[in-house]
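Here is what each chain is made of, one letter per residue.
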Number of protein chains: 2
Amino acid sequence: MKLSTKGRYGLKAMLDLAVHSVDGQVSLNSIAERQGLSENYLEQLFASLKKAKLIKSVRGPQGGYMLADSPENISVGDILRALEGSLAPTDCVSEDQGAGSCSNSGRCVTRSVWERIRDGINNVIDNITLQELIDDYLRNNNSRIIDNT
Amino acid sequence: MKLSTKGRYGLKAMLDLAVHSVDGQVSLNSIAERQGLSENYLEQLFASLKKAKLIKSVRGPQGGYMLADSPENISVGDILRALEGSLAPTDCVSEDQGAGSCSNSGRCVTRSVWERIRDGINNVIDNITLQELIDDYLRNNNSRIIDNT
DNA sequence: ATAATTCCTAGTAAATTACTAGGGTATTCA
DNA sequence: TGAATACCCTAGTAATTTACTAGGAATTAT
């Protein structure tokens, strides 16, 4: 039940992007350098984020990425689900799966446990916006770091 | 962020055990057969559950396992943590780790996200008792199944 | 044109998962 | 007493997933 590096690196990179894209786009290279991540690997994560329409890109020299919407409108849940898929604890209650994935859903006793865990996680991550993380970061700019993992 | 078969099979087996151990112990073999699981694999899961003092065992013929406490006193959280370790989304906020595992914890912006996810999960699983699952199972005995995954 | 940048796909080493195999130990019962 | 039944323990392993690396193609500012 651990988040993979996709979710961890991706949230870290999105916060870096949000903080540094105030005037125009930001190159992946600069994000990778500041956060100590592999640029090639970040490319793959940003492909997922773009597909989910959370970021926009500009090609060519001086190109880069920027948020597709204001940070108040982007939740941690949007970001993590774009990168990790559903955070449901089992496939049978995953939002990704076709609804009828589990043939015995109506009769399964443990299913309600998995649903309640899923809803508990979603309730947390859907109620934290990127803006809140930016505020937290800027509040103590000189001593605050985004993530060190 | 998916639960492994340890957690899924283990909760399923614990509920089977709780339902069938009303008078005395229950053999692993019978649990494995009823639930369609590998007996050898279940042995390993039950070793973890025993180490966590959630079950007791009796050796020899007619031996088997039984709950170490009444089902109202055993939570889904107790069971899942015994099998999976901490359900925290990252190592840096895991209850398993030494407290000072993350050197920058006080300054890390995303740490609070991981903590809130961890607390959200724990709040769910620590507030569901095995007794509630038993009640749910018995409520509609003839149409209810424990788990089909 | 050239260089900087995003875009895209394939490959792969390491780690993890989900078991299987097989032997040992305690206890009951004929 | 000895055979059968169950728990106990460790090692090995195939399959899958993770976390990347590599390298080329497309786009565009200068």
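Engineer: I keep staring at the pairing of strand 1 (residues 55-58) of chain A and nothing clicks. Help me out?
Structural biologist: Every regular strand shows the same layout, with side chains that alternate between the two sheet faces. All names here are of chain A. As judged from the four bridges shared by strand 1 and strand 2 (residues 64-67), these two strands associate in the antiparallel manner. Along strand 2, the bridge assignment pairs Ser57 with Tyr65. Connecting strand 1 to the next strand, strand 2, in antiparallel fashion are five residues, including Gly60 with a positive phi near 85°.

Engineer: What is the right way to look at the environment of Asp135 of chain B in this model?
Structural biologist: All names here are of chain B. Among the secondary structure elements, Asp135 is positioned in helix 6 (residues 130-139). Of the residues examined, Asp135 reaches a relative accessible area of 34% and is grouped as partly exposed. For Asp135 and Val19, which are 116 residues apart along the polypeptide, the C-alpha to C-alpha distance reads 9.6 Å.

Engineer: What should I look at first to understand the protein's contact with DNA strand C in this one?
Structural biologist: Around DNA strand C there are 24 residues in total, and Glu43, Lys50 and Ser57 of chain A together with Gln44 and Arg59 of chain B lie nearest to it. The sugar-phosphate share of atoms of DNA strand C within 4 Å of the protein amounts to 61%. At a separation of 2.7 Å, a phosphate oxygen of DNA strand C approaches a polar side-chain atom of Tyr65 of chain A. Within the side chain of Arg59 of chain B, a nitrogen or oxygen atom sits 2.4 Å from a sugar or linking oxygen of DNA strand C. Secondary structure elements with two or more residues in the surface near DNA strand C: helix 3 (39-51), strand 1 and strand 2 of chain A together with helix 1 (5-20) and helix 3 (39-51) of chain B. Partitioned by chemical class, the residues of the surface near DNA strand C number seven nonpolar, 13 polar and four charged.

Engineer: Sorry if this is basic, but what is going on with the interface of chain A and chain B here?
Structural biologist: By a widely used convention, the size of an interface equals the accessible area lost when the partners come together. Every contact between the two is made by 44 residues of chain A and, on the other side, 44 residues of chain B. Its largest share of buried area at the contact with chain B, chain A owes to Met1, Lys2 and Val109 of chain A, together 20% of the area lost on that side. Scanning the region where chain A abuts chain B turns up six residue pairs in polar contact (both at pLDDT 80 or more). For the side of chain A that touches chain B, the elements supplying multiple residues, two or more each, are helix 1 (5-20), helix 4 (76-84), helix 5 (111-125) and helix 6 (130-139) of chain A.

Engineer: How should I be thinking about the protein's contact with DNA strand D in this particular structure?
Structural biologist: Neighbouring residues of DNA strand D: 24 residues in total, closest Gln44 and Arg59 of chain A together with Lys50, Ser57 and Tyr65 of chain B. Lys50 of chain B is positioned with one of its side-chain polar atoms (N or O) 2.6 Å from a phosphate oxygen of DNA strand D. Among the secondary structure elements, those contributing two or more residues to the surface near DNA strand D are helix 1 and helix 3 of chain A together with helix 3, strand 1 (55-58) and strand 2 (64-67) of chain B. A per-class count over the surface near DNA strand D returns eight nonpolar, twelve polar and four charged.

Engineer: I'm lost on helix 4 of chain A in this one. Help?
Structural biologist: An α-helical segment advances 3.6 residues per turn. Residues three or four places apart therefore align on the same side. The complete set of buried residues in helix 4 of chain A reads Val76, Gly77, Ile79, Leu80 and Leu83 of chain A. Buried residues in helix 4 of chain A, looked at end-on, bunch into an arc of 160°, giving them a common side. Packing partners of the buried residues in helix 4 of chain A comprise helix 1, helix 3, helix 5 and helix 6 of chain A together with helix 5 (111-125) of chain B.

Engineer: Whenever I open this one, helix 5 of chain A confuses me. Can you help?
Structural biologist: If you check helix 5 of chain A, its first and last C-alpha atoms are 21 Å apart, about what 15 residues at 1.5 Å a residue would give, namely 21 Å. Listed as buried for helix 5 of chain A are Arg111, Val113, Trp114, Ile117, Arg118, Gly120, Ile121, Asn122, Val124 and Ile125 of chain A. Buried residues belonging to helix 5 of chain A abut helix 4 of chain A together with helix 1, helix 4 (76-84), helix 5 and helix 6 of chain B.

Criteria and thresholds
- Residues numbered from 1 in each chain as written.
- Chains lettered and ligands numbered in written order.
- Predicted model: local features only at pLDDT ≥ 70, side-chain atom pairs only at ≥ 80, totals over all residues.
- Heavy atoms only, no water.
- Pairing = 2+ DSSP bridges.
- Helix = DSSP H or I, 4+ residues; strand = E, 2+ residues; numbered from the N terminus.
- Buried < 20%, exposed > 50% of the residue type's maximum accessible area, 1.4 Å probe, protein only.
- Near = heavy atom within 4 Å.
- Polar contact = N/O pair within 3.5 Å; in protein donor to acceptor, adjacent residues only side chain to side chain.
- Nonpolar A, V, L, I, M, F, W, Y, C, P; charged D, E, K, R; others polar.
- Contact = heavy atoms within 4.5 Å.
- Buried area = accessible area lost by both parts, 1.4 Å probe.
- Arc of directions from axis to C-beta.
- Expected span 1.5 Å × (residues − 1).

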